[in-house]
Amino acid sequence: PPPPMSLFVPSSRFQLSAVRTAMRPGVVMPVRHLSGSPKQISVAIAGATGAVGQELLELLTERKFPLKNLKLLASARSAGKKMEFNGQELTVEELTENSFDDVDVAFFSAGGSQSRKFGPIAGKAGCLVIDNSSAFRMAPDCPLVVPEVNSNAIPDAEGSMIIANPNCSTIIMNTVVWPIHQVSECKRIIVSTYQAASGAGAQAMAELEQQAKDWVNGDPITQDIFGRQYIWNLFSHNSPIEETGYNQEEMKMVKETKKIFSATDIAVTATCVRVPVLRAHCESINLQLTKPMTEDEAREILTKAPGVSLVDNRENNTFPEPLDASGKDDILVGRVRGDLSQDEGYGIELFVAGDQIRKGAALNAVQIAEEVLEKYPSLLKKL
């Protein structure tokens, strides 16, 4: 039978917090507190009204980020909107060239065109930019950072004052693969993704909910975002297809992994697919290793890895699921097993689930800022 209508939030009242109804009950999220007494800094969020922007607001509160001032920035049409933060009502301001004169760190999640226009302006004003778009990921003077992997690359932003947040699918994969790669270098990675609506933003999430309501009511299926039915369906990722036949999402995973791992010779191939899930991406990952590793050794490595939680219960057939990953900081990993198609010990199979809005975007950005405060405060030019 169709699910009860109480599970669905009317799109006209859609708020990111409503997506919490898609999580398993009893989710507890660990909070990191910065060591010592870090100086308070002025922060701006460009794209504050979007899904990632709203998640950033939640994380700044949860993680007790040392804020002196907080500025919410968005397009002219969103300027004047009121948003609540930590019990206070803040007014959204229009993003302009003068928005960063009094800002130490700016989180950008307003799209590539806005990042390309305003990111360098903010950097020249002495504001450190942590950018969630693809605009600067492959720029040689902009480090591409997953803190659990390559936080040591952060000082490379000294010239540009821009640190790039990787693609969400790349972050989820690299957080899990890196600890294995450190023990036995990966010769090749084959990944297939199962990507949630959250990767396309709050409007896509709202449309998936609306399509579920349309189906329950027997109404025509709303198809404004992807131009197709999403509920009860899956389809190749909606990014443009390149001449190689790969789509842009797949090529992001290929190119970004090489840069983050500082391994130009690692072979990566990806197939990216949209699935009718609200938030949290899943990935099937196959690794070809340069040194043999047993599945027990891989499991032990992953148990100790930062940002990773092992969910691998064969007896009860319990493995990572997007509902369980939603709202959690850690990437869930399971289905750990040897690849029977490769020489014994040289192939490992994994299945992972990670919250795309959280670790795949907002959390990774906040963790970068925390690393800057603790280890690289010289990048904060106005302190």
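As the structure is a prediction and not an experimental result, all values here were calculated from the model.

So, how was this worked out
- Residues numbered from 1 in each chain as written.
- Predicted model: local features only at pLDDT ≥ 70, side-chain atom pairs only at ≥ 80, totals over all residues.
- Heavy atoms only, no water.
- Helix = DSSP H or I, 4+ residues; strand = E, 2+ residues; numbered from the N terminus.
- Expected span 1.5 Å × (residues − 1).
- Bend = angle between axes of the 7 residues up to and from the residue.
- Buried < 20%, exposed > 50% of the residue type's maximum accessible area, 1.4 Å probe, protein only.
- Contact = heavy atoms within 4.5 Å.
- Pairing = 2+ DSSP bridges.
- Axes fitted to C-alpha atoms, helices over the stretch in contact; angles between N-to-C directions.
- Arc of directions from axis to C-beta.
- Phe/Tyr/Trp six-rings, centres within 6.5 Å; stacked < 30°, edge-to-face > 60°.
- Lys NZ or Arg CZ within 6 Å of the ring centre and 35° of its normal.

A. Seen up close, helix 2 (residues 112–124). Here helix 2 spans 18 Å end to end across 13 residues, near enough to the 18 Å set by a 1.5 Å rise per residue. Most pronounced at phenylalanine 118, the bend in helix 2 amounts to some 35°, and the proline proline 120 follows within four residues. Here helix 2 has its buried residues at Gly112, Ser115, Phe118, Gly119, Ala122 and Gly123. Residues of helix 2 that are buried sit in contact with strand 6 (105–108), strand 7 (128–131) and strand 8 (162–164).

B. Quick peek at the sheet that holds strand 10 (residues 235–236). Strand order in the open sheet formed by seven strands is 10-11-9-12-15-14-13, with mixed pairing between adjacent strands. In the strand order of this sheet, the two ends are held by strand 10 and strand 13 (308–310), each with one partner. Here strand 14 (residues 331–338) pairs with strand 15 (residues 347–354) via five bridges, running antiparallel. Bridging from a neighbouring strand, leucine 332 pairs with alanine 353 of strand 15. Its contacts with the sheet put helix 4 (residues 168–183) on strand 9 (186–195), strand 12 (281–289), strand 13, strand 14 and strand 15, and the angle it makes with strand 12 is roughly 35°.

C. Spatial organisation of helix 7 (residues 295–304). Among the residues making up helix 7, those that are buried are Ala298, Arg299, Ile301 and Leu302. The arc enclosing the buried residues of helix 7, seen along the axis, measures out at 160°, which places them on a common side. Exposed residues lying more than 90 degrees from the buried face of helix 7 are Asp296, Thr303 and Lys304. Where helix 7 is buried, its residues meet helix 4, strand 13, strand 14 and strand 15.

D. Up close: the environment of leucine 60. Mapped onto the elements, leucine 60 comes out in helix 1 (residues 51–62). On the basis of relative accessibility, which here comes to 2%, the residue leucine 60 falls in the buried class. Counting along the chain gives 306 residues from leucine 60 to valine 366, while the straight-line C-alpha distance between them is 7.6 Å. In contact with leucine 60, not counting residues within four places along its chain, are Ile45, Phe65, Leu67, Leu70, Phe85, Phe107 and Val366.

E. Main features of the packing of aromatic side chains. For the structure on display, the rule yields seven aromatic pairs. With centroids separated by 6.0 Å and ring planes inclined at 55°, the aromatic side chains of tyrosine 194 and phenylalanine 351 adopt a geometry described as tilted. With tyrosine 194 in strand 9 and phenylalanine 351 in strand 15, the pair connects residues that are 157 residues apart, well separated along the chain. Residue tyrosine 194 is classed as partly exposed on the basis of its relative accessible area of 34%. Accessibility expressed as a relative area gives 19% for phenylalanine 351, which makes it buried. Just above the ring of phenylalanine 235 sits the side chain of arginine 228; from NZ or CZ to the centre is 4.4 Å.

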